[in-house]
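Tertiary structure, described
Now for the letters of each chain:
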There are 2 protein chains.
Amino acid sequence: MPQNRFVVPFAEGSRDQRTLLGGKGANLAEMTRLGLPVPEGFIVTTEACRAYLKSEELPEGLMDEVHAELRKLEEVAGKKLGDPDDPLLLSVRSGAPFSMPGMMDTVLNLGMHEKAVEGLARVSSDERFAWDAYRRLIQLYGKIVMGVSGERFDEALAETTSARGGDEGDLTAEDFQQLSRRFLDIVVEDTGMQFPQDPYEQLEGAIRAVFRSWNGKRARDYRRYEGIPDDLGTAVNIQRMVFGNVGEASGTGVAFTRDPATGERVPYGDWLEGAQGEDVVAGIRVTQPLEGLAERFPDCHQDLLRVMRTLEDHERDMCDIEFTIEHGKLFMLQTRVGKRSAIAALRIAVDMVEEGLIDTDEAVRRVKPEQLEQLLHPQFSPDVEYDALTTGLAASPGAATGKVVFTADAAEQWAEQGEKVILVRPETSPDDLHGMVSAEGILTSRGGLVSHAAVVARGMGKPAVCGASELSIDVPGRTFRVGDVELSEGDIVSISGNSGQVVVGEVPVWIPEPSGPFETLLAWADDIRRLGIRTNADTGPDAARAVQFGAEGIGLCRTEHMFFGDRLPVVRRMLLADSDETRQSALEELRSVQREDFASVLREMDGLPATVRLLDPPLHEFLPDITELAVKEALGELDAEGDALLAAARRLDEENPMLGTRGCRLGIMQPDIYKMQVRALMQAAVDVHREGVTPVVEIMVPLIVDGTELALITGWIHEAAQEVLSDAGESIPYLVGTMIETPRAALTAGAVAPEAEFFSFGTNDLTQMAYGFSRDDIEGSIMSTYLSEGLLDDNPFSTLDLDGVGRLVDIAVKEGKAANSELKCGICGEHGGDPNSIAFSHEVGLDYVSCSPFRVPVARLAAAHAALGVLGPASTA
Amino acid sequence: MPQNRFVVPFAEGSRDQRTLLGGKGANLAEMTRLGLPVPEGFIVTTEACRAYLKSEELPEGLMDEVHAELRKLEEVAGKKLGDPDDPLLLSVRSGAPFSMPGMMDTVLNLGMHEKAVEGLARVSSDERFAWDAYRRLIQLYGKIVMGVSGERFDEALAETTSARGGDEGDLTAEDFQQLSRRFLDIVVEDTGMQFPQDPYEQLEGAIRAVFRSWNGKRARDYRRYEGIPDDLGTAVNIQRMVFGNVGEASGTGVAFTRDPATGERVPYGDWLEGAQGEDVVAGIRVTQPLEGLAERFPDCHQDLLRVMRTLEDHERDMCDIEFTIEHGKLFMLQTRVGKRSAIAALRIAVDMVEEGLIDTDEAVRRVKPEQLEQLLHPQFSPDVEYDALTTGLAASPGAATGKVVFTADAAEQWAEQGEKVILVRPETSPDDLHGMVSAEGILTSRGGLVSHAAVVARGMGKPAVCGASELSIDVPGRTFRVGDVELSEGDIVSISGNSGQVVVGEVPVWIPEPSGPFETLLAWADDIRRLGIRTNADTGPDAARAVQFGAEGIGLCRTEHMFFGDRLPVVRRMLLADSDETRQSALEELRSVQREDFASVLREMDGLPATVRLLDPPLHEFLPDITELAVKEALGELDAEGDALLAAARRLDEENPMLGTRGCRLGIMQPDIYKMQVRALMQAAVDVHREGVTPVVEIMVPLIVDGTELALITGWIHEAAQEVLSDAGESIPYLVGTMIETPRAALTAGAVAPEAEFFSFGTNDLTQMAYGFSRDDIEGSIMSTYLSEGLLDDNPFSTLDLDGVGRLVDIAVKEGKAANSELKCGICGEHGGDPNSIAFSHEVGLDYVSCSPFRVPVARLAAAHAALGVLGPASTA
């Protein structure tokens, strides 16, 4: 007998052959190998599919092999395909190596034909069943293989059912017979072709249909989205039908070996008596809990529990299964590792370690960082239905409900009166900070994932939806519109920063409680990971929260936020100073408050490193909007101070502030600002040291383009720091390093590294400059067009672009460490909290990542995954 | 006798030993070797200097070697150092491997001392000469070696001279004797030390002083500026004095073997009878032309001509020499390759090929691209003195004088009345184009070397000074101020785009005439170079001019300029369209005019490639300023159209337009604009083809970040182009390629190249993004601070930054050509016309550079230099 090329019987396969047999087939083969009750069958391999996709012809010899396997199947079953007296019926199911929605699913009862109805009725002693089986085949085959609109069948069925009082269970054999006739007509009307009465023709048609469905639009879209290669192909599972809807003592159901919602160690499932699998899934009939099975068919229930134990012990994971009971005998139709909620994933992983089923590495592997994140933020309750008014960018996770307000002041006033508010703005600026603090959540019509609103909201751990571009906001009028819907101040909206959805009215919110397993799993993750996890925190309270979440230091403490609020007038006095004296006195005032700022951060970090970045943003951000002032000027409403502000705003205005007087350029042009900051920081270090705290100070220079630039500033820093320390008579060690956030700094890292004690990659700016993308300007409609057109795989501001930006990081780490073996390297952009980017950071040899406090647990887990070599979703291929 | 380690006698050196002997010493040795009359001497090598600089001690044995050589010199001269009866006098001169201003120059008459005056007076029979020689030594030695302020000596000399009627020639021996006494006192008063009477002490002091002067501030600054390494050190030339100021038949002079101003093949020089070298240089006494020497000392004149011929035949270049005649005998004191004007350089190079002295490669090597550039633009006349009011950036070469105007309209009106005007603006925008066309030159207070004003001016070949930040311009008041100086409309100013100078009033302008040698040399250069030279030209006339200058194609034809002027209303109609119909009709109108635009360019290029870049700039540039409109709105002065414009301007406004909806992002968001342009271009190709012209069309996509982006647009381009061609029934080949102007495009070039037929590096944007420098915002005060602080070696927008931007280009060329061996690569940024950047382009394997029409000749020469391996100034080290 020649070796099969394209067909593998269940008994000869195993679960290691997913690529060849598809997931479903491999699991059916495995269950057969384990001796579990699987109806006989065989698999047409993915290789056959690949051959078909190339030539658009079934490969030569395929159908011969199928027929040969069928012969064996017929022998075991004692029935023959097409036999009018006792027809063998088949189920034909697709099964790709990866679970893939959008592909052809299942054709049941294949092999039924006009002349076999009577025979089937006879052997099953159930005429109604026989006609039902026939009409089901016509319906499924017509829809799935022949492309008939499913609605026409559904309508015809509904018509008949309602004529019989509305319950499908009340339909008679005659009803199904008539329905079969009607369905046959529908096929002809819709396709111009007859439903094939030849079972062999049906079989070949079904195999072709499965193969073709690999390239259906939804399947292709799904693959592109998930990064699954297009050339894998799908297998076809051909299996003897067993019937849960025939005679007595039959039924069908689905079950999980543990509770998929809570993770509790109890089997969980639904079943239906006298039904086929699709009836359970369709949700038309009310299913019974698994306990009912124990009462109704205790033997089958015992068998099922035994099978579940066998599977779980074998898979060492929670499994879900589909089963059918035919004439009191249990059959397994499918199994796979079961999907579970985030909380269940956590609990099952931790439980299974305690049960000795898996080790801690495996437990850590089993929980996705994204799942952990879900556990940390409130979400729209999964049990509630709602309609989204519009959808923006999911900018900061969490969900919130509140009354709409349009200004930061209003947010503050309403919040003081005990109202929960959602701050709705075209975009936010540092001036809105107090309003953001007061609001439950933030909704903007402009700006992207790294807009001010998004970054600040993530830092605060508050939900935000940004760039909801359908919103037309009238701030003075205190209304916003989406299409015809208009909302006014005080109206209630709910936003989900997980999904980007905006909903009118209240959506109940659900806050999963991080529990014991949470801490247990993260402790295991900490043992596994090599990457350090730091946090981006600008204030003492932020720092404290991050330490609670397990941060091992601050990777980025921004100082620009410290220049707003009640310091703004002082900053403006500095900028507008007409004498050096005025300027110095303003600087002195700032130094004194910054000293307090820094002390409060260092106190919280006691013994952990705190990386403080010197002032970064464009100076003009500290001044009011030019247009606003110019209008006032034209109206004669500007006083002398206003005139001065307008003049200063014009002087400091830049065409492209993102590429202007930022970062250390500011330091080079106005060294006294940096020197003031260093003095304040080192004085704070001395202050807290005298309180018994251990300050670990790292001073970071932003936005350099060249080593000489860094050397100049480093000189100033040491000078100012040494002055403070020697005045105080203290000796406190500190490091000086730099952000690497311009492409040139990365490309010349070998020359920068000797001047630096650490590099911190500012991947936000690096992404901006590598792409020439201004985050604020691009992340609205351009980014969504690029993503939807497939021009970008991911938003590069969320997930690090490995080809361009990643390559720059790679170059800089390699050449930087080669030039300075002591160099510490970390990442402190938004990417520091993104699991895929953390995997990259691990591989490229960074020492730590830094992310917002709320993402620290996620980062700890993602870093462990990276150390374990777990591939992120983007690397699935 | 032990081998000398640190001292080389003239007779044993040669001109190949510049590094060891310094330039002056090597040439003195060479002349000695050639048998020319050089006073005997020897050289303390740069090695001795390097040893001294390390240890700050004269190396052991050095003075012994010096003394030993001195013995031999004394023997030949028949005199002894320090001999009171007939003292040997020495000249001591520094001589570094590179000509270096700022170092110690010369001590003459070393060896004189109090007791030797009488002896020298006796042997020279000239008491006045003897006392003069003594006072000269005290003066030079005191000033140069001992650090006495030169002014005190000068004052004392002037006092005595004026007491004698004002002519130094009238001073008597007694006067010089008294001056010597006074000078000795000055030395003591100023230094607290006695002038050393011991000639050996004098000699050692002079050697130390030369060594020390290597590290003087001016010398170090100069080396940093010229890129000369700090560890080369200088040699010291020690030589028997000859006197042009002793007895009868003496004199001294300088001469060139050809005219250094015109290049004419006639010796040229100045001399003075009865004088020492410093008298000629000091310019106090009126020198005689060389012809006078023929009359006064005909034998010496003949000797001098003979020497000059020998030197020129030997050097195969124009030489300058210093000579002295002592008692009727000619001595050579120095020679080197002579400095010359640009026009002379050109003429000498071409003449010497005709004379058979050098080959064409060498001739091409002899003319610097920068010199050629001087020949192409008017300049401030070199004979005229003037004071600069202020200095800005030399943004576009050339010089111009005209009346100040402050608006484009005024420029146009005044020019129509026959006035020559200089357009003075804070900065220019496309709206000012008509004024720039009308003006002689442009002066702006803001913006850098690639600001609108600078780029457009260079394109027009008009002089421009940009970023003259001291200018405070009051446009409505029609005045500008620099400090206390205020100028009003109609006042005359002159600007030099070569030096950046702004001068009140008229400075005569001199326009060198490109001549026969110009064409000859460039033809030789064309034979040598490998790089193609294209031009950046947007219009037919520009293209025609560039072809005249030798351009071999257009590397960059920008289409955005075509959207301004009388097309602006149509563009605005497109942007404001409230229906697709209006929009399409505006697009159709644009297509029709663009077709003419393109036809006029293609006609001029007949048979040469024309690379047309699809529309690039931010759309909001086509709308008026928001603040201006907002003010009008507030004042109730806005009509309906104004309202629409304001709304559109707000909608299209971007925080950072340079990183916003630019380049192909515009094409992706509004594909019909690109399709319209392609249709217009291909229709133009068909039109001119039917006229018998050969169109060679290259279509270029701007600002891509990824290969998939390019693939999408390339698809559209081919679709639109094929449609036009098949409608016309013509088959015209065309290429489609892309700009590489984002770092990411360069870093992913391997994935971009298969989608492109050519790469054109937009190094302006690449520089902007690699550095995070917005040209407009950075090139003012930040750039000048960075340059003056030494944080940048060059303005990276003028000279390509090799370490960062160059590395990106290198990566992209290598990986692009590896992925697509047919890929053509060129550069079309501002750097395409910069000689250093052209050298890099050659080395990195680009196929062509593209620059503005007026720089094409410069680029042709620079490309030949690159092929010859001539190092640019930045690579001297």
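First, a word on scope: everything that follows refers to the structure included in this document. (Residues numbered from 1 in each chain as written. Chains lettered and ligands numbered in written order. Predicted model: local features only at pLDDT ≥ 70, side-chain atom pairs only at ≥ 80, totals over all residues. Heavy atoms only, no water.)

1. A look at the overall build of chain A
- Scanning chain A from terminus to terminus reveals 35 helices and 33 strands.
- Overall size of chain A, expressed as C-alpha extent along the three principal axes, is 105 × 60 × 55 Å.
- A separation of at least 24 residues holds for 69% of the contacts in chain A among residues at least 6 apart in sequence.
- For chain A, the exposed surface amounts to about 34300 Å²; the carbon and sulfur share of it is 47%. (Helix = DSSP H or I, 4+ residues; strand = E, 2+ residues; numbered from the N terminus. Contact = heavy atoms within 4.5 Å. Areas by Shrake-Rupley, 256 points an atom, 1.4 Å probe, with all protein chains shown as cover.)

2. Some words on empty space enclosed by the protein
Residues and elements named next belong to chain B.
- For the structure on display, the rule yields four cavities of 30 Å³ or more.
- The volume enclosed by the largest cavity comes to roughly 50 Å³.
- For the largest cavity, the full set of lining residues is Glu373, His377, Ser396, Pro397, Arg458, Gly461, Ser852, Phe854 and Arg855.
- A class-by-class count of the residues in the lining of the largest cavity yields two nonpolar, four polar and three charged. (1 Å grid on protein atoms, 1.4 Å probe; cavity = no way out; pocket = protein on both sides within 12 Å on 5 of 7 lines; lining within 4 Å. Points joined across faces, edges and corners; volume = space filled by probe spheres on them. Nonpolar A, V, L, I, M, F, W, Y, C, P; charged D, E, K, R; others polar.)

3. Points about the environment of Asp727 of chain A
Residue and element names in this part refer to chain A.
- Mapped onto the fold, Asp727 is located in helix H27 (residues 707–728).
- The class for Asp727 is exposed, based on a relative accessible area of 66%.
- In the structure, Asp727 is positioned 617 residues away from Leu110 in sequence and 91 Å away in space, judged by C-alpha atoms. (Buried < 20%, exposed > 50% of the residue type's maximum accessible area, 1.4 Å probe, protein only.)

4. A short note on the interface of chain B and chain A
- Opposite the 53 residues of chain B that make contact, chain A presents 53 residues.
- Roughly 4700 Å² is buried in total at the junction of chain B and chain A, and carbon and sulfur atoms are behind 60% of that figure.
- The largest per-residue losses of area from chain B upon contact with chain A belong to Leu659, Arg744 and Leu791 of chain B, which jointly make up 14% of the total buried on that side.
- When the shortest N-O distance is used, the salt bridge between Arg807 of chain B and Glu815 of chain A registers 2.6 Å.
- On inspection of chain B and its partner chain A, the count reaches 27 residue pairs in polar contact (both at pLDDT 80 or more).
- Within the residue set of the side of chain B that touches chain A, elements represented by two or more residues are helix H23 (626–634), helix H25 (663–669), helix H27 (707–728), helix H28 (743–747), helix H30 (763–771), helix H31 (775–778), helix H32 (781–788) and helix H33 (802–819) of chain B.
- Grouping the constituent residues of the side of chain B that touches chain A by class yields 25 nonpolar, 14 polar and 14 charged. (Buried area = accessible area lost by both parts, 1.4 Å probe. Salt bridge = Lys/Arg side-chain N within 4 Å of Asp/Glu carboxyl O. Polar contact = N/O pair within 3.5 Å; in protein donor to acceptor, adjacent residues only side chain to side chain.)

5. Structural notes on the nonpolar core
- With 250 residues, the main nonpolar core has Leu521, Phe759 and Phe761 of chain A together with Phe759 and Phe761 of chain B as its most contacted residues.
- Residues contacting Phe759 of chain A, with those up to four places away along its chain left out, are Thr738, Ile740, Ala749, Val752, Ala753, Ala812, Gly816, Leu823, Lys824, Cys825, Gly826 and Tyr848 of chain A. (Core = buried A, V, L, I, M, F, W, Y, C linked by side-chain atoms within 4.5 Å.)

6. Quick notes on the state of the cysteines
- With the rule as written, the count across this model stands at zero disulfides over all chains.
- Of all cysteine sulfurs, the one in Cys319 of chain A lies closest to Cys300 of chain A, which takes part in no disulfide; the gap is 20 Å.
- Taking the relative accessible area as the measure of exposure, Cys300 of chain A reaches 2% and is therefore buried.
- Not engaged in a disulfide, the cysteine Cys825 of chain B finds its nearest cysteine sulfur in Cys828 of chain B; these two sulfurs lie 12 Å apart.
- What makes Cys825 of chain B buried here is its relative accessible area of 0%. (Disulfide = S-S within 2.5 Å.)

7. Considerations on the packing of helix H21 (residues 568–576) of chain B against helix H24 (residues 640–652) of chain B
Residues and elements named next belong to chain B.
- Contact geometry of H21 with H24 gives a least axis separation of 10 Å together with a crossing angle of 70°. Considering the angle they form, H21 stands roughly perpendicular to H24. Contacts from Arg572, Leu575 and Leu576 of H21 reach H24 at Ala644, Leu645, Ala648, Arg651 and Leu652.
- Class assignment of the residues belonging to the contact of H21 with H24 gives a composition of six nonpolar, no polar and two charged. (Axes fitted to C-alpha atoms, helices over the stretch in contact; angles between N-to-C directions. Parallel < 35°, antiparallel > 145°, perpendicular 65-115°, else oblique.)

8. With respect to the relation of the copies chain B and chain A
- Once chain B has been moved 0.2 Å along the axis and rotated by 180°, it coincides with chain A to within an RMSD of 0.4 Å. Taken together, the rotation and translation describe the operation of a two-fold axis. (Least-squares fit on C-alpha atoms with pLDDT ≥ 70 in both.)

9. Thoughts on the environment of Pro397 of chain A
All names here are of chain A.
- Relative to the helices and strands, Pro397 is located in the loop between strand S15 (393–396) and strand S16 (399–405).
- The exposure class assigned to Pro397 is buried, which follows from its relative accessible area of 14%.
- Excluding its chain neighbours within four sequence positions, the residues that come into contact with Pro397 are Glu373, His377, Arg458, Lys462, Pro463, Gly497 and Asn498.

10. Considering the side chain of Gln139 of chain A
- Structurally, Gln139 of chain A is set in helix H5 (residues 127–145).
- Setting aside residues up to four positions removed in sequence, Gln139 of chain A forms contacts with Phe153, Asp154 and Phe183 of chain A.

11. Here we look at the sheet that holds strand S20 (residues 472–474) of chain B
Residue and element names in this part refer to chain B.
- The three strands lie next to each other as S20-S21-S22, forming an open sheet whose pairing is antiparallel. Among the strands making up the open sheet, the edge pair consists of S20 and strand S22 (485–488). With direction set aside, neighbouring strand axes in the sheet form an average angle of 20°.
- The sheet contact formed by strand S21 (residues 479–482) and S22 spans four bridges and is antiparallel. Bridge pairing links Phe480 to Leu487 in S22. (Pairing = 2+ DSSP bridges.)

12. Notes on the pairing of strand S17 (residues 421–425) of chain B
All names here are of chain B.
- Burial runs high along S17: five of the five residues are buried.
- The side-chain alternation of S17 yields two buried faces, one formed by Val421, Leu423 and Arg425 and the other by Ile422 and Val424.
- Taken together, the three bridges between strand S16 (residues 399–405) and S17 define a ladder with parallel strand orientation. Residue pairing across strands places Lys403 opposite Val421, the latter belonging to S17.
- For the crossover that starts at S16, traverses helix H16 (residues 408–416) and ends in the parallel S17, the hand is right-handed.
- As defined by bridge partners, S17 adjoins strand S18 (residues 441–444) across four bridges and the pair is classed as parallel. Each residue of the ladder has a partner; that of Leu423, found in S18, is Ile442.
- On the question of chirality, the crossover connecting S17 to the parallel S18 by way of helix H17 (residues 433–438) is right-handed. (Right-handed = clockwise from strand over helix to strand, strands pointing away.)

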